[in-house]
Amino acid sequence: AIGAASFTTRSPIGLSAGASFTSVALSSTEALSADPKLVRNGSGSELVFTRLPEGTFLTSTAPAAGTPWSDPVVLGDEEREIGLYGIGAGRLADGRLVAGTALNDALYWHVEGETTTSTLVLPGHSIIRQNLAVDRLTGQAWSAYYNQGAANGIWAVPLEPSVGTP
């Protein structure tokens, strides 16, 4: 188990009409990110969230409706002292989970099964409200964020499987 986190035996949040969230899936004395993401995991659900202040990505799964949530596990093996300005998560075309966050002028993302977290530094950007989504047609993971730097506005950049420019 990670830190003092404990999971209760509850039904997962449903991905289809009719299923419902019945209670808390995670209770913890640790600081967790305020914006967890819910991602499909086969016929079940997967929560993606971060532990603060390190910014470590954590996941917990419920393999099917009515099954308990798993204890949280670290996605990858890297911890970093980063503040979080939004997280996002999705599944690549090959089924691997990808999760991302941002700090200042950099985007960080981790792909399930890889040992390192990727970084893209965007000079002149000041990133807040970052999110990540995967295009179901192409399988490309994108980060969308608000840049409050000199060229303020909403920006998007492809991250995985190939990195592009905003």
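Preceding this section is the structure that the text describes.
Residues numbered from 1 in each chain as written. Predicted model: local features only at pLDDT ≥ 70, side-chain atom pairs only at ≥ 80, totals over all residues. Heavy atoms only, no water.

Asker: Explanation requested: the sheet that holds strand β8 (residues 97-103) in the structure shown.
Answerer: In sheet architecture, strand pairing relies on hydrogen bonds along the backbone and comes in two forms, parallel and antiparallel. Taking strand neighbours across the sheet as the criterion, the four strands line up as β7-β8-β9-β10 in an open arrangement whose pairing is antiparallel. Taken across any chain shown, the strands that pair with only one partner, and hence form the sheet edges, are β7 (88-91) and β10 (118-121). For this sheet, the mean angle separating the axes of adjacent strands, direction not counted, is 20°. Relative to strand β9 (residues 106-111), β8 is paired through six bridges, and the arrangement is antiparallel. Each residue of the ladder has a partner; that of Ala99, found in β9, is His110. (Pairing = 2+ DSSP bridges. Helix = DSSP H or I, 4+ residues; strand = E, 2+ residues; numbered from the N terminus. Axes fitted to C-alpha atoms, helices over the stretch in contact; angles between N-to-C directions.)

Asker: How do you make sense of the nonpolar core when you look at a structure like this?
Answerer: Residues Val98, Leu107, Trp109, Leu120 and Leu159 are the most contacted members of the largest nonpolar core, which totals 15 residues. Listing elements by their share of this core, those giving two or more residues are β8, β9, β11 (127-134), β12 (141-147) and β13 (153-160). Ranked by size, the runner-up nonpolar core spans eight residues in total, among them Val39, Phe57, Leu75 and Ile87. (Core = buried A, V, L, I, M, F, W, Y, C linked by side-chain atoms within 4.5 Å. Buried < 20%, exposed > 50% of the residue type's maximum accessible area, 1.4 Å probe, protein only.)

Asker: Could you clarify how one ought to interpret the environment of Ala144 in this entry?
Answerer: Summarising the element assignment, Ala144 is placed in strand β12. For Ala144, a relative accessible area of 35% puts it in the partly exposed group. In sequence terms Ala144 and Gln130 are 14 residues apart; their C-alpha atoms lie 5.7 Å from each other. Not counting residues up to four positions away in its chain, the partners in contact with Ala144 are Arg129, Gln130, Asn131, Trp155 and Ala156. (Contact = heavy atoms within 4.5 Å.)

Asker: Please explain the side chain of Ser143 as it appears in this structure.
Answerer: Examined against the element boundaries, Ser143 turns out to sit in strand β12. A polar side-chain atom of Ser143 sits 2.9 Å from a polar atom in the side chain of Gln130. Apart from residues no more than four positions distant in its own chain, Ser143 is found in contact with Leu107, Gln130, Asn131, Leu132, Trp155, Ala156, Val157 and Leu159. (Polar contact = N/O pair within 3.5 Å; in protein donor to acceptor, adjacent residues only side chain to side chain.)

Asker: I tried to follow the sheet that holds β12 on my own but got confused; where do I start?
Answerer: Here we have three strands laid out as an open sheet, ordered β11-β12-β13, and antiparallel in their pairing. Two strands in the sheet have a free side with no partner beyond their single neighbour: β11 and β13. This sheet shows a mean twist of 20° between the axes of neighbouring strands, independent of strand direction. Sheet topology places β12 next to β13; seven bridges connect them, and they run antiparallel. In the strand pairing of β13, Ser143 is matched with Val157.

Asker: What is the right way to look at the pattern of salt bridges in this model?
Answerer: Should their charged atoms come close, side chains of opposite charge can pair. Counted under the stated rule, the structure contains four salt bridges. Residue Arg91 is joined to Glu112 by a salt bridge in which the shortest nitrogen-to-oxygen separation is 3.4 Å. Placement of Arg91 in strand β7 and of Glu112 in the loop between β9 and β10 is noted, with a sequence separation of 21 residues between them. Residue classification places Glu112 among the partly exposed positions, given a relative accessible area of 31%. For Glu114, the salt bridge goes to Arg96, with nearest N and O atoms at 3.3 Å. One end of the pair, Glu114, is in the loop between β9 and β10; the other, Arg96, is in the loop between β7 and β8, and 18 residues separate them in sequence. Overall, Glu114 belongs to the partly exposed group, its relative accessible area being 30%. (Salt bridge = Lys/Arg side-chain N within 4 Å of Asp/Glu carboxyl O.)

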